[in-house]
Amino acid sequence: MPKFEELGRDLAERDRNERMRMIASLNLQCRCPGCPTHTECAKRNQEKLFCFNGKSFICIEAERECLCPDCPVHDEMGLRYAFFCTRGSEKAQRYEHDVWGIQH
Ligand code: SF4
Ligand code: SF4
């Protein structure tokens, strides 16, 4: 099974505490705070892990650079996409691409 689906299934089977621990570990590895696209507003609101949490609602609009492809989580989760803060989570982008044929 591809990594992303495997991780999703794994998370769903864990109890709440274990799930929180796994997410906290991903959160620690996230490179978003050092990214040129990440804003002061996003830092103040501790927004990160957009690949999992989905896009930033009000803090990030302009895309500059995306560090996601070099982040260890990208490989660990078998992600295909990037710019999650502006384009949506991996799950959302897969849906848009695979079901609706939307290309960013
Ligand atoms: S892939 Fe991107 S959004 Fe996901 S943890 Fe890494 S830097 Fe953060
Ligand atoms: S999702 Fe990508 S573009 Fe957005 S802040 Fe994180 S590393 Fe930067």
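Each remark here, short or long, concerns the structure printed above.
A brief look at the structure comes next. Note that the coordinates shown come from a computational prediction; the quantities given were computed from them, not determined experimentally.

**What to know about the layout of surface pockets**
- Reported here for the largest pocket is a volume of approximately 220 Å³.
- Taken together, Phe4, Leu7, Gly8, Leu11, Cys51, Phe52, Met77, Ser89 and Lys91 make up the lining of the largest pocket.
- Looking at which element gives the most residues to the lining of the largest pocket, the answer is helix α1 (residues 3-13), with 4 residues.
- A class-by-class count of the residues in the lining of the largest pocket yields 6 nonpolar, 2 polar and 1 charged.

**Side note on the site of ligand 2**
- Close to ligand 2 lie Cys32, Cys35, Thr37, Phe50, Glu65, Cys66, Leu67, Cys68, Phe83, Phe84 and Cys85, which account for all nearby residues.
- Judged by its atoms lying within 2 Å of the grid points, ligand 2 is housed in the largest cavity.
- Of the residues in the shell around ligand 2, the class split is 9 nonpolar, 1 polar and 1 charged.

**Observations concerning the site of ligand 1**
- Close contacts around ligand 1 come from Cys30, Arg31, Cys32, Leu49, Phe50, Cys51, Cys68, Cys71, Val73 and Leu79, and that covers them all.
- Judged by the proximity of its atoms to the pocket grid, ligand 1 belongs to the largest cavity.
- For the shell around ligand 1, a count of residues per class yields 9 nonpolar, no polar and 1 charged.

**So, helix α7 (residues 90-100)**
- Taken together, the buried positions of α7 are occupied by Glu90, Gln93 and Arg94. The arc that holds the buried residues of α7, viewed along the axis, is 100°, so those residues lie on one side. Turned more than 90 degrees off the buried face of α7, the exposed positions are Lys91 and Trp100.
- Against the buried residues of α7 lie α1, α4 (50-53) and α6 (84-87).

**Remarks on a nonpolar patch on the surface**
- Where nonpolar side chains cluster on the molecular surface, the patch consists of Tyr95, Val99, Trp100 and Ile102 and spans about 450 Å² of accessible area.
- By the secondary structure assignment, Tyr95 is in helix α7.
- For Tyr95, a relative accessible area of 48% corresponds to the partly exposed category.

Criteria and thresholds
Residues numbered from 1 in each chain as written. Chains lettered and ligands numbered in written order. Predicted model: local features only at pLDDT ≥ 70, side-chain atom pairs only at ≥ 80, totals over all residues. Heavy atoms only, no water. 1 Å grid on protein atoms, 1.4 Å probe; cavity = no way out; pocket = protein on both sides within 12 Å on 5 of 7 lines; lining within 4 Å. Points joined across faces, edges and corners; volume = space filled by probe spheres on them. Helix = DSSP H or I, 4+ residues; strand = E, 2+ residues; numbered from the N terminus. Nonpolar A, V, L, I, M, F, W, Y, C, P; charged D, E, K, R; others polar. Near = heavy atom within 4 Å. Sits in = over half its atoms within 2 Å of the grid points. Buried < 20%, exposed > 50% of the residue type's maximum accessible area, 1.4 Å probe, protein only. Arc of directions from axis to C-beta. Contact = heavy atoms within 4.5 Å. Patch = residues over 30% accessible without salt bridge, like charges linked within 9 Å, V, L, I, M, F, W, Y side chains within 5 Å. Areas by Shrake-Rupley, 256 points an atom, 1.4 Å probe, with all protein chains shown as cover. Salt bridge = Lys/Arg side-chain N within 4 Å of Asp/Glu carboxyl O.

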